[in-house]
Amino acid sequence: MLVIRRRAGESVLIGDDIEIEVLDVAGTQVKIGISAPRDVLILRREVRVTAEQNELAARSLPFASLVGLLEKMKNSPQGPESPGDKGR
Amino acid sequence: MATIETRYFGAVPEEVGLAIEFSAGLPAFEEERRFLAIEHPKTGPLILLQSMATRDLCFLALPVAAVDPAYRLQISTEDMKAIGIDESAISSGDKLAVLVFVVVGPDGHISANLMAPIVVNRENRRAVQAVRCDGVYAHNHSVFMPRESVAAEKTPCW
């Protein structure tokens, strides 16, 4: 990963027509301004991750598996909370 | 009486569930606005979110409290506006139903997306998938059903 230090008011260019400007830095938050052509999709990463999770969630189980899942939920003992962060 | 074609139960009257509307759709399913939230004794503790437009699209969800009883909701001003609530609705919580989508992996592992809860305003039935950007909760939180939620299965969350 390319790492560049920038201050508020400074910017970086990506290719010929994308500019990312650091507008403001306050505490742990950075406000950035992005200038890019209309056809470039810009998403917060969390939205992309959620879209992927939704795709997975939508792959519905067959009915028999749904019944099996319910059985499993009813019978499963309370387990330790796992960090669940492995995929990050 | 309107009937809805469902993934798991064939055609059902709309009255079996609560019709909710996502004005902006869902990430990856932007065109899907209307869902029927079906809470049925046979499927408890799961809540099914059945698309009213697409028979084969049915999400499995859980009340967030069943996954993490200490879950603290955080929702952007924009998302609050989308479902017509303000801060007070979040602190009191009475108006809202908060669900999380469940993913069952090929190995049977169950996870829930705590990073992007489904927040429903029960008064106007508007809903939003409120994607958090504070990094506090995982998108793939492992689910173990707490015993109390199984016992509380009979209490509908609507």
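Residues numbered from 1 in each chain as written. Chains lettered and ligands numbered in written order. Predicted model: local features only at pLDDT ≥ 70, side-chain atom pairs only at ≥ 80, totals over all residues.

1. Here we look at the domain arrangement of chain A
- We note that the domain assignment places domain 1 (1–38) and domain 2 (43–75) within chain A.
- The distance between the C-alpha centroids of domain 1 of chain A and domain 2 of chain A comes to 36 Å. (Domains from an automatic or database assignment.)

2. With respect to the nonpolar core
Residue and element names in this part refer to chain B.
- Core analysis: the largest hydrophobic core is formed by 53 residues, its most contacted members being Ile-47, Ala-61, Leu-62, Val-100, Phe-101, Val-102 and Val-119.
- In terms of residues, this core owes the most to one element, strand β7 (residues 96–104), which gives eight residues.
- Residues contacting Ala-61, with those up to four places away along its chain left out, are Leu-46, Ile-47, Leu-49, Leu-99, Val-100, Phe-101, Val-102 and Ile-118. (Core = buried A, V, L, I, M, F, W, Y, C linked by C-beta atoms within 7 Å. Buried ≥ 20, exposed ≤ 12 C-beta atoms within 10 Å, placed from the backbone. Helix = DSSP H or I, 4+ residues; strand = E, 2+ residues; numbered from the N terminus. Contact = placed C-beta atoms within 7 Å.)

3. Some details on the sheet that holds strand β2 (residues 18–26) of chain A
Residue and element names in this part refer to chain A.
- Pairing within the open sheet is antiparallel, and its three strands lie in the order β1-β2-β3. Lying at the two open borders of the sheet, with one neighbouring strand each, are β1 (11–14) and β3 (29–35). Each strand of the sheet is rotated relative to its neighbour by a mean of 25°, with strand direction disregarded.
- Across seven bridges, the pairing between β2 and β3 is antiparallel. Residue pairing in the sheet places Val-25 in a bridge with Val-30 of β3. (Pairing = 2+ DSSP bridges. Axes fitted to C-alpha atoms, helices over the stretch in contact; angles between N-to-C directions.)

4. Regarding the pairing of strand β4 (residues 34–38) of chain B
Residue and element names in this part refer to chain B.
- Counting buried positions along β4 gives four out of five residues, so the element sits mostly inside the fold.
- Sheet topology note: the strand β3 (residues 18–22)/β4 ladder contains four bridges and is antiparallel. Across the sheet, Ala-19 pairs through a bridge with Leu-36, a residue of β4.
- Pairing of β4 with strand β5 (residues 47–51), which is carried by four bridges, proceeds in the antiparallel orientation. Within β5, the position partnered with Ile-38 by the bridge is Leu-48.

5. With respect to the environment of Val-16 of chain B
- One can find Val-16 of chain B in the loop between β2 (10–13) and β3.
- When the C-alpha positions of Val-16 of chain B and His-40 of chain B are compared, they lie 8.2 Å apart, and in sequence the two are 24 residues distant.

6. Quick look at the confidence of the model for chain B
Residue and element names in this part refer to chain B.
- Per-residue confidence for chain B averages 88 on the pLDDT scale, and 91% of its residues sit at or above 70.
- Mean pLDDT across the secondary structure elements of chain B bottoms out at helix α4 (residues 147–151), with 45, and peaks at strand β10 (residues 126–129), with 98.
- With pLDDT under 50 throughout, residues 146–154 is counted as low confidence; its partners more than four residues away or in other chains account for eleven contacts.
- Reported confidence for the predicted complex is 0.86 by ipTM and 0.80 by pTM. (pLDDT = per-residue confidence, 0-100.)

7. What about the pairing of β7 of chain B?
All names here are of chain B.
- Across the nine residues of β7, eight count as buried, placing the element largely inside the fold.
- Relative to β7, strand β6 (residues 58–63) runs antiparallel, the two being bridged by three bridges. The residue of β7 that forms the bridge with Pro-63 is Leu-99.
- Summarising the sheet, β7 and strand β9 (residues 118–121) pair through four bridges and their orientation is antiparallel. Pairing of Leu-99 across the sheet is with Ile-118, part of β9.
- Note that β7 and strand β8 (residues 110–112) share three bridges and pair antiparallel. Looking at the pairing, Val-103 lines up with Ser-111 of β8.
- The loop that links β7 with its antiparallel partner β8 comprises five residues; one of these, Gly-108, has a positive phi angle of about 85°.

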